[in-house]
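Structural description and commentary
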Amino acid sequence: MTIDKDARRRRNKKCLAYIVAGIIAQTIIIVLFVLLVLRIRNPKVRIGAVSVESPSVSNSSFSMKLNTQITIKNSNFGHFKFDNSAIKFAYKGTEVGEATIIKARAKARATKRFNVTVTVSSRKISSKSVLASDINSGKITFTSYAKLSGKVHLFKIFKKKKSADMNCSMVVNTKTKAIEALTCK
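Now for a quick tour of the structure. (Residues numbered from 1 in each chain as written. Predicted model: local features only at pLDDT ≥ 70, side-chain atom pairs only at ≥ 80, totals over all residues. Heavy atoms only, no water.)

On the surface, Lys81, Lys103, Arg105, Lys107, Lys151, Lys156, Lys159 and Lys161 cluster together into a positively charged patch. Turning to its location among the elements, lysine 81 is positioned in strand β3 (residues 79-82). Take lysine 81: its relative accessible area is 41%, and that puts it in the partly exposed class. (Patch = residues over 30% accessible without salt bridge, like charges linked within 9 Å, V, L, I, M, F, W, Y side chains within 5 Å. Areas by Shrake-Rupley, 256 points an atom, 1.4 Å probe, with all protein chains shown as cover. Salt bridge = Lys/Arg side-chain N within 4 Å of Asp/Glu carboxyl O. Lys, Arg positive; Asp, Glu negative; His and termini not counted. Charge placed at Lys NZ, Arg CZ, Asp CG, Glu CD. Helix = DSSP H or I, 4+ residues; strand = E, 2+ residues; numbered from the N terminus. Buried < 20%, exposed > 50% of the residue type's maximum accessible area, 1.4 Å probe, protein only.)

Have a look at this one:
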């Protein structure tokens, strides 16, 4: 009789140890899932490539079309829906062009690419002397800004407001119609 009781106690202890180990393993899995999957990060928006079309450059003015490829990198496990936004191009702090980024959706853990055409011109620039020296050198430096606001949707349950900011600068060579330096932060 004591042998059966001792064997039963050992089996009960083993069963209890397995249950406790299972609960600990489940807790670790849940904690890792929450820390890795449910952590929502801001998507990244950048200018991927730029091409210059129909540049019209004189001694103190310019006008050209910039075909820009906008990339939105969504590293979240849920899709990112963003609203209409504007991308603005500036020359030495003065806005010289603006285009609309239409609302769309970047899939989970993917990069969305689309093209935006911006017409930039020097009509709003008041300091023509600095502009004339840049045009004579054949290189015009632009900065571009955009902010995409939207929501990241995780598993159609969690929705979190996030925004993606872009700040890029580029040098346009008016003689070769090419972009020489494109850097984004």
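As enumerated under the stated definition, the model contains one disulfide in all. Through a disulfide, cysteine 168 is tied to cysteine 184; the S-S separation comes to 1.9 Å. Note on the cysteine 168 and cysteine 184 pair: the S-S dihedral is about 110°, so by sign convention the disulfide is right-handed. A residue pair is termed long-range when its members are at least 10 positions apart, and cysteine 168 in strand β9 (residues 158-173) and cysteine 184 in strand β10 (residues 178-184) qualify at 16 residues. A residue is classified by how much of its surface remains accessible, and cysteine 168, at 1% relative accessible area, is buried. For cysteine 184, a relative accessible area of 27% translates into the label partly exposed. (Disulfide = S-S within 2.5 Å.)

Moving on, we get to the packing of aromatic side chains. Following the criterion strictly, the structure yields four aromatic pairs and no others. Both rings, one in phenylalanine 33 and one in phenylalanine 155, keep their centres 6.2 Å apart while their planes meet at 20°; by these two values the pair is stacked. Within this pair, whereas phenylalanine 33 is found in helix α1 (residues 2-36), its partner phenylalanine 155 is found in the loop between β8 (139-154) and β9, the two being separated by 122 residues in sequence. Residue classification places phenylalanine 33 among the partly exposed positions, given a relative accessible area of 39%. Taken together through their ring pairs, the aromatic side chains of Phe62, Tyr91 and Phe142 make up a single cluster. Looking at arginine 109, its charged tip hangs above the ring of phenylalanine 77, at a distance of 4.7 Å from the centre. (Phe/Tyr/Trp six-rings, centres within 6.5 Å; stacked < 30°, edge-to-face > 60°. Lys NZ or Arg CZ within 6 Å of the ring centre and 35° of its normal.)

All right, on to the pattern of salt bridges then. Across all of its chains, the model carries three salt bridges by this definition. The salt bridge involving arginine 9 is made with aspartate 6; its shortest N-O contact spans 3.8 Å. In this pair, arginine 9 and aspartate 6 are both assigned in helix α1, three residues apart and thus about one turn of the helix distant. Ionic pairing is found between glutamate 180 and lysine 139, a salt bridge with its closest N-O pair at 3.3 Å. Placement of the pair is glutamate 180 in strand β10 and lysine 139 in strand β8, with a sequence separation of 41 residues.

Here we take up the sheet that holds strand β2 (residues 62-74). Judged by pairing direction, the sheet is antiparallel, and its three strands sit side by side in the order β1-β2-β7 without closing on themselves. Here the strands that pair on one side only, and so sit at the sheet edges, are β1 (44-57) and β7 (110-121). On average, adjacent strands in this sheet sit at an angle of 15° to one another, irrespective of strand direction. The pairing of β2 with β7 spans twelve bridges and is classified as antiparallel. In the sheet register, isoleucine 70 faces β7, and the bridge partner there is phenylalanine 114. (Pairing = 2+ DSSP bridges. Axes fitted to C-alpha atoms, helices over the stretch in contact; angles between N-to-C directions.)

As paired elements, β9 and β10 share six bridges and run antiparallel to each other. Paired with methionine 170 across the bridge in β10 is leucine 182. Hairpin connection, β9 to β10: the antiparallel pair is bridged by four residues, and lysine 177 has positive phi, about 60°.

Taken together, the buried positions of helix α2 (residues 128-137) are occupied by Leu131, Ala132, Asp134 and Ile135. End-on, the buried residues of α2 take up no more than an arc of 165°, which puts them together on one face. Counted as exposed and oriented over 90 degrees from the buried face of α2: Ser129 and Asn136. On the buried face of α2, the contacting elements are β1, β2, β4 (85-91) and β8. Within two residues after α2, glycine 138 carries a phi angle of roughly 85°, on the positive side. (Arc of directions from axis to C-beta. Contact = heavy atoms within 4.5 Å.)

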